[in-house]
There are 2 protein chains.
Amino acid sequence: MNFIFLDRPRPLSLTCIMGNRRKHSTACPRKVSEKKEQLKAFLKQKGFKSTRQRDIIVTEFLKTGEHITAEDLYRKINRKNREIGFTTVYRTLKLLTKSGFATERLFADNLTRYEPLSAEEHHDHLICLSCGSIMEFENLKMERLQEKIAEEFGFCIITHKMEFYGYCRECRDNAPA
Amino acid sequence: MNFIFLDRPRPLSLTCIMGNRRKHSTACPRKVSEKKEQLKAFLKQKGFKSTRQRDIIVTEFLKTGEHITAEDLYRKINRKNREIGFTTVYRTLKLLTKSGFATERLFADNLTRYEPLSAEEHHDHLICLSCGSIMEFENLKMERLQEKIAEEFGFCIITHKMEFYGYCRECRDNAPA
DNA sequence: TCCTAATTGAAAATGAATTTCATTTTCCTT
DNA sequence: AAGGAAAATGAAATTCATTTTCAATTAGGA
Ligand SMILES: [Mn+2]
Ligand SMILES: [Mn+2]
Ligand SMILES: [Zn+2]
Ligand SMILES: [Zn+2]
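Presented here is a report on the structure given in the accompanying data block. As a convention, each chain's residues are numbered from 1 in the sequence order in which they are written. Just so you know, chain letters begin at A and ligand numbers begin at 1, following the order they were written in. Since the coordinates come from a predicted model, pLDDT governs what is reported: local features require at least 70, and pairs of side-chain atoms require 80 or more to be given and counted, while whole-chain, interface and lining totals use all residues. To get the side-chain values, all heavy atoms of the structure are used, and hydrogens and water are removed first.

**With respect to the relation of the copies chain A and chain B**
Step number 1: What sets the superposition is a least-squares fit of C-alpha atoms, and only residues with pLDDT of at least 70 in both copies go into it. Overlay of chain A on chain B (RMSD 0.1 Å): rotation 180 degrees, translation along the axis 0.0 Å. The symmetry that links the two subunits is that of a two-fold axis. Of the C-alpha atoms belonging to chain A, the one lying closest to the rotation axis is found on Met162 of chain A, 2.2 Å away.
Step number 2: Interface residue correspondence from chain A to chain B reaches 100%, placing this contact among same-surface, isologous pairings. Contacts: residue pairs with any heavy atoms within 4.5 Å of one another.

**A short note on the protein's contact with DNA strand C**
Step number 1: Proximity criterion: a residue is near a molecule or strand once any of its heavy atoms comes within 4 Å of it. Close to DNA strand C lie 21 residues, the nearest being Tyr90 of chain A together with Thr51, Arg54, Thr88 and Arg91 of chain B.
Step number 2: Each polar contact in these results corresponds to two N or O atoms within 3.5 Å; when the atoms are within protein, one needs to be able to donate a hydrogen and the other to accept it, and residues that are neighboring in sequence are counted only if both atoms are side-chain atoms. Within the side chain of Lys49 of chain A, a nitrogen or oxygen atom sits 2.6 Å from a base oxygen of DNA strand C.
Step number 3: Ser50 of chain A places a polar main-chain atom, nitrogen or oxygen, 3.0 Å from a phosphate oxygen of DNA strand C.
Step number 4: What counts as a helix is a DSSP run of H or I of at least four residues, what counts as a strand is a run of E of at least two, and both are numbered from the N terminus. Sorting the residues of the surface near DNA strand C by element identifies helix 4 (86-98) of chain A together with helix 2 (52-64) and helix 4 (86-98) of chain B as the ones contributing at least two each.
Step number 5: Tallying contributions element by element places helix 4 of chain A first for the surface near DNA strand C, with 5 residues.
Step number 6: Nonpolar residues are Ala, Val, Leu, Ile, Met, Phe, Trp, Tyr, Cys and Pro. Charged residues are Asp, Glu, Lys and Arg, and all others, Gly as well, are polar. Here the residues of the surface near DNA strand C sort into 5 nonpolar, 9 polar and 7 charged.

**A word on the coordination of the zinc ion (ligand 4)**
Residue and element names in this part refer to chain B.
Step number 1: Metal donors were taken as nitrogen, oxygen and sulfur atoms no farther than 2.8 Å from the ion, or 3.2 Å where the ion is Na, K or Ca. Water is excluded, so coordination may look unfinished. Within the protein, Cys128 (SG), Cys131 (SG), Cys168 (SG) and Cys171 (SG) serve as the donor atoms for the zinc ion (ligand 4), at 2.2 to 2.4 Å.
Step number 2: Square planar and octahedral sites, with four and six donors, are those where opposite donors lie more than 155 degrees apart and all other angles lie between 65 and 115, tetrahedral sites have four donors with every angle between 85 and 135 degrees, and the rest are irregular. Around the zinc ion (ligand 4) sit 4 donor atoms, and with donor-metal-donor angles ranging over 101 to 114 degrees the site reads as tetrahedral.
Step number 3: Site description for the zinc ion (ligand 4): donor spacing in sequence, C-x2-C-x36-C-x2-C. Of this pair, Cys128 sits in strand 5 (residues 124-128) while Cys171 sits in the segment after strand 7 (156-167), and the two are 43 residues apart along the sequence.

**Some remarks on the side chain of Glu60 of chain A**
Residue and element names in this part refer to chain A.
Step number 1: As for its placement among the helices and strands, Glu60 is situated in helix 2 (residues 52-64).
Step number 2: Between buried and exposed lies partly exposed: a residue is buried under 20% and exposed over 50% of the maximum accessible area for its type, with that area taken using a 1.4 Å probe on protein chains only. In this structure Glu60 comes out as buried when scored by relative accessible area, which is 18%.
Step number 3: Not counting chain neighbours up to four residues away, the residues in contact with Glu60 comprise Leu73, Lys76 and Ile77.

**Observations regarding the protein's contact with DNA strand D**
Step number 1: If you check the shell around DNA strand D, you find 22 residues, and the closest are Thr51, Arg54, Thr88 and Arg91 of chain A together with Tyr90 of chain B.
Step number 2: In DNA strand D, atoms within 4 Å of the protein come 71% from sugar and phosphate.
Step number 3: A distance of 2.6 Å separates a phosphate oxygen of DNA strand D from a polar side-chain atom of Arg54 of chain A.
Step number 4: Within the backbone of Ser50 of chain B, one N or O atom sits 3.1 Å away from a phosphate oxygen of DNA strand D.
Step number 5: Every element with two or more residues in the surface near DNA strand D is listed here: helix 2 and helix 4 of chain A together with helix 4 of chain B.
Step number 6: With 5 residues, the single largest contributor to the surface near DNA strand D is helix 4 of chain B.
Step number 7: In the surface near DNA strand D, the residues fall into 5 nonpolar, 9 polar and 8 charged.

Below, the structure written as structure tokens:
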């Protein structure tokens, strides 16, 4: 029998902006260096080491911003830094995830993507089946309704996944019938 | 660049029962043979063939009811029918999916599960991280809210995925802090 | 019954994710 | 500034679910 399980999911905590488009954390250099400081502190505290590779990978990851696979991030980095291996990129993203600086996402194409995300944030996704663009939203009413439904079952929600698949504004006209 | 895509998703159509527990289609023999008739008709129409293997596999699948992996269904069948191969079980589940008799589900453990489901039905899932039990629900208010959010983005929803992970009534007491 | 196309199942291939292991690097302690 | 222990690196190997291949078998219409 195969049981569902998640390895210690982090409980959600909401920023509770209603129905709002989430602003992409597009590589604001201020935020990037702030995050890098936090990470450095985290590493030191845990007895882990700051390395040239981690610095490059994290920088590129934060700069990139959204929903990238380890493979794609590796390719990006590899253009400038031929000596950094895929494994290190992969492991760094895992490390970021475990330490709360990133979130793993598994959308319908079943590839693991990562996005920079502080532990307090939560949002859900709209994914265009035509152009692949990913939009983000958070909606308090939705979260409340989820809680309400869960209550009916005596179910205690730790985390949830909500994804809409369809066609974005730009693609909806030439969507298949 | 890796783009998200789904291979021709079927649009949702709701039965629109509000906040209701979905009754498990627990192998009601009447329904089972009805579905098997439909499948037989479908096969004939498409020029596909009715085989002993397909009959056994479909019977067992419908009887089992909910959210089973190809592997688990194979094991179940294999106890009585040593000569039916995994590949055939796998392919039959794929066939059922493509022909609208089953739905593929990918939960957080990243194993493909199948559930018998007529094309018109839709529901979402509550998944217990402790005992692995899966509950089902449908909620019209939720679906409407989703549409409303999508509209804000000019997004046309074709399908969606909504899963709650947490602890069920039975498990919530001994859930980790 | 005959024939053709579909089906079957063992085995191989695929491909993303993860682990191994020998070597290198970090950084704490003398 | 060494020295040394523990961590990190990266190429290669492994894992594991899923999917495909291919030769043999079977279904079902003519
Ligand atoms: Mn996101
Ligand atoms: Mn279900
Ligand atoms: Zn689009
Ligand atoms: Zn439970």
